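Coordinates in review
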Amino acid sequence: MTISTIGMIAALLTTAAYIPQAYKTIKTRSTKDLSIVTFSMLFVGTILWFVYGLYIHDTPLMLANGITATLSGIIFFMKISSAKKRRR
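The notes below deal with the structure included here. What you see is a predicted model, and the numbers here were worked out from it, not measured in a lab.

**Notes on the environment of Gln21**
Tracing the backbone through its elements, the reader meets Gln21 in helix α2 (residues 19-28). The exposure class of Gln21 is partly exposed, given its relative accessible area of 29%. Taking the C-alpha atoms as reference, Gln21 lies 27 Å from Ser4; in sequence the two are 17 residues apart. For Gln21, the contacting residues outside a window of four places in its chain are Leu34, Phe39 and Ile75.

Here it is in structure tokens:
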């Protein structure tokens, strides 16, 4: 098994871990029990990992973090939207 294969498997597993949360959040529109701090850190962190992957030309890093940034970004922006609605 090559190091790229290990990277792709790791990327697949860690990225797939966010799919159920994103699906449930989008389906229920509920972000009440989710931490805005956690998802803001995850969103920014995965964007930075994506940029780093671009810089070093690492496909598994770019794929995993591009998809994870998208999923965590959806949840993060839904959380912000929900918080704004509660303040009104």
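**With respect to helix α3 (residues 36-56)**
Compared with an ideal rise of 1.5 Å per residue, which puts 21 residues at 30 Å, α3 spans 30 Å between its outermost C-alpha atoms and is within 8% of the ideal. Inspection of α3 places Phe39, Leu42, Phe43, Thr46 and Gly53 among the buried residues, and these make up the whole buried set. Down the axis of α3, the smallest arc covering the buried residues is 100°, so these residues share one side. Those residues of α3 that are exposed and aimed more than 90 degrees away from the buried face are Val37, Met41, Leu48 and Tyr55. Against α2 and α4 (59-87) lie the buried residues of α3. N-cap assignment for α3: the residue whose side-chain oxygen lies 3.3 Å from the backbone N of Val37 is Ser35. Trailing α3 by a residue or two, His57 shows a phi angle of about 60°, which is positive.

**Some points on a positive patch on the surface**
A contiguous patch of positive charge on the surface is contributed by Arg29, Lys84, Lys85, Arg86, Arg87 and Arg88. Checked against the element boundaries, Lys84 lands in helix α4. Residue Lys84 is classed as partly exposed on the basis of its relative accessible area, which comes to 46%.

**With respect to the side chain of Thr68**
Position of Thr68 relative to the elements: it lies in helix α4. Engagement of the side chain of Thr68 in a polar contact is seen with the side chain of Thr15, the distance being 3.3 Å. The residues contacting Thr68, other than those within four sequence positions of it, are Thr15, Tyr18, Thr46 and Gly73.

**Structural notes on the packing of α3 against α4**
One can describe the packing of α3 onto α4 by two numbers: an axis separation of 8 Å at closest approach and a directional angle of 155°. Considering the angle they form, α3 stands roughly antiparallel to α4. Here α3 runs over α4; the crossing is left-handed. In terms of residue class, the contact of α3 with α4 is made up of 17 nonpolar, 8 polar and 1 charged.

Analysis parameters
Residues numbered from 1 in each chain as written. Predicted model: local features only at pLDDT ≥ 70, side-chain atom pairs only at ≥ 80, totals over all residues. Heavy atoms only, no water. Helix = DSSP H or I, 4+ residues; strand = E, 2+ residues; numbered from the N terminus. Buried < 20%, exposed > 50% of the residue type's maximum accessible area, 1.4 Å probe, protein only. Contact = heavy atoms within 4.5 Å. Expected span 1.5 Å × (residues − 1). Arc of directions from axis to C-beta. Polar contact = N/O pair within 3.5 Å; in protein donor to acceptor, adjacent residues only side chain to side chain. Patch = residues over 30% accessible without salt bridge, like charges linked within 9 Å, V, L, I, M, F, W, Y side chains within 5 Å. Areas by Shrake-Rupley, 256 points an atom, 1.4 Å probe, with all protein chains shown as cover. Salt bridge = Lys/Arg side-chain N within 4 Å of Asp/Glu carboxyl O. Lys, Arg positive; Asp, Glu negative; His and termini not counted. Charge placed at Lys NZ, Arg CZ, Asp CG, Glu CD. Axes fitted to C-alpha atoms, helices over the stretch in contact; angles between N-to-C directions. Parallel < 35°, antiparallel > 145°, perpendicular 65-115°, else oblique. Left-handed = near helix turned anticlockwise from the far one by under 90°. Nonpolar A, V, L, I, M, F, W, Y, C, P; charged D, E, K, R; others polar.

What is shown is where atoms sit, not what they do.
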